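The primary structure of each chain is shown beneath.
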Amino acid sequence: MKRTFLLLAAVCLLLSACSRGPKRGDAFDGVIADEAHGITMAAEDPSAGGVTLAIMRTAEAEIYSGNAAVYSLQQEADGVWYVLERQRELVTTAEAVGYLRDETVRQELSWGSDYGSLPAGHYRVVKSFWSEEEDLFLLAAEFTLT
């Protein structure tokens, strides 16, 4: 009987730890670019487990980003954006993704194994981009989970 109780307690503890979502890290101190860079990114169909990014280049210059696995999540609290910590190290290839002008590219993100399930709140996905004319810059796509 004591073993059964201890096993149930351990399972409950594990489940409660998993349901809290990702751990909030430091406040973000970088700069998010605007549409002046000639590329936009919006969040579509957000859920606790993922989102679809709609990315469109309007600039003449070629613009690139990392593949769909290369992104970070942030959560807003009291007007401050905080970086969410991954539950495991990011492992990906070093390929560049290019975007055709005036065509929307959709990247489906599923962060269950990287961040866990997100609780209600205001979030944003942050991705880095670059071009031949510009160094690395960041774009964000905000969304709210209720």
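The structure presented is a predicted model; accordingly, all values stated were derived computationally and were not measured.

Student: Hey, could you run me through the side chain of serine 65 in this one?
Tutor: Structurally, serine 65 can be placed in strand β4 (residues 63-66). There is a polar contact of 2.5 Å between the side chain of serine 65 and the side chain of tyrosine 99. When neighbours within four sequence positions are excluded, serine 65 is seen to be in contact with Glu95, Ala96, Val97, Tyr99, Gln107, Lys127, Ser128, Phe129 and Trp130.

Student: Is there a simple way to think about the nonpolar core in this case?
Tutor: Within soluble globular proteins, side chains that are nonpolar tend to cluster in buried spots. By size, the foremost hydrophobic cluster in this structure holds 25 residues, and its most contacted members are Leu73, Trp111, Val125 and Phe129. Only β2 (39-47), β3 (50-57), β9 (121-131) and β10 (137-145) provide two or more residues apiece to this core. The greatest single-element share of this core, amounting to five residues, is contributed by β10. What tryptophan 111 contacts, discounting residues up to four positions off in sequence, is Ser47, Ala48, Gly49, Gly50, Val51, Tyr71, Leu73, Gly116, Leu118, Val125 and Phe143.

Student: So what exactly am I meant to see when it comes to the pattern of salt bridges here?
Tutor: Any two side chains of opposite charge can pair, so long as their charged atoms come close to each other. Tallied over the entire structure, the rule returns five salt bridges. One salt bridge connects arginine 57 with glutamate 62, and the closest N-O pair in it is separated by 3.8 Å. The partner of arginine 101 in a salt bridge is glutamate 60, with the nearest N and O atoms 2.8 Å apart. In this pair, arginine 101 is assigned in the loop between β7 (96-98) and β8 (104-110) and glutamate 60 in the loop between β3 and β4, connecting sequence segments 41 residues apart. Accessibility expressed as a relative area gives 38% for arginine 101, which makes it partly exposed. Residue class for glutamate 60 comes out exposed when judged on its relative accessible area of 61%. Several salt bridges converge on common partners, so that one network encompasses Arg86, Arg88 and Asp114.

Student: I would appreciate a short explanation of the confidence of the model for the chain in the present structure.
Tutor: Parts of the model with low pLDDT should not have their predicted coordinates read in detail. Looking at the chain, the pLDDT average stands at 85 and 86% of residues meet or exceed 70. Counting interchain partners and residues more than four positions distant, the pLDDT-below-50 stretch residues 1-19 has zero contacts.

Student: Would you take a moment to explain the packing of aromatic side chains for this structure?
Tutor: Working definition: an aromatic ring pair is given by the centre-to-centre distance plus the angle between the planes. Scanning the model with the defined rule gives six aromatic pairs in all. Taking 6.2 Å as the distance between ring centres and 40 degrees as the angle between the ring planes, the aromatic pair formed by tyrosine 71 and tyrosine 115 counts as tilted. Pair noted here: tyrosine 71 is in the loop between β4 and β5 (72-77) and tyrosine 115 is in the loop between β8 and β9, with a separation of 44 residues, a long-range link. On the accessibility criterion, tyrosine 115 (1% relative accessible area) is buried. Measuring from centroid to centroid gives 6.1 Å for phenylalanine 129 and phenylalanine 137, while their planes differ by 25 degrees, and the two rings are stacked. Following the ring pairs from residue to residue traces out a cluster consisting of Tyr99, Phe129 and Phe137. In this structure, arginine 24 packs its charged tip against the face of tyrosine 82, placed 5.1 Å from the ring centre. Its end group placed over the ring of tyrosine 71, arginine 86 keeps NZ or CZ at 5.2 Å from the ring centre.

Each value, and the rule that gives it
Residues numbered from 1 in each chain as written. Predicted model: local features only at pLDDT ≥ 70, side-chain atom pairs only at ≥ 80, totals over all residues. Heavy atoms only, no water. Helix = DSSP H or I, 4+ residues; strand = E, 2+ residues; numbered from the N terminus. Polar contact = N/O pair within 3.5 Å; in protein donor to acceptor, adjacent residues only side chain to side chain. Contact = heavy atoms within 4.5 Å. Core = buried A, V, L, I, M, F, W, Y, C linked by side-chain atoms within 4.5 Å. Buried < 20%, exposed > 50% of the residue type's maximum accessible area, 1.4 Å probe, protein only. Salt bridge = Lys/Arg side-chain N within 4 Å of Asp/Glu carboxyl O. pLDDT = per-residue confidence, 0-100. Phe/Tyr/Trp six-rings, centres within 6.5 Å; stacked < 30°, edge-to-face > 60°. Lys NZ or Arg CZ within 6 Å of the ring centre and 35° of its normal.

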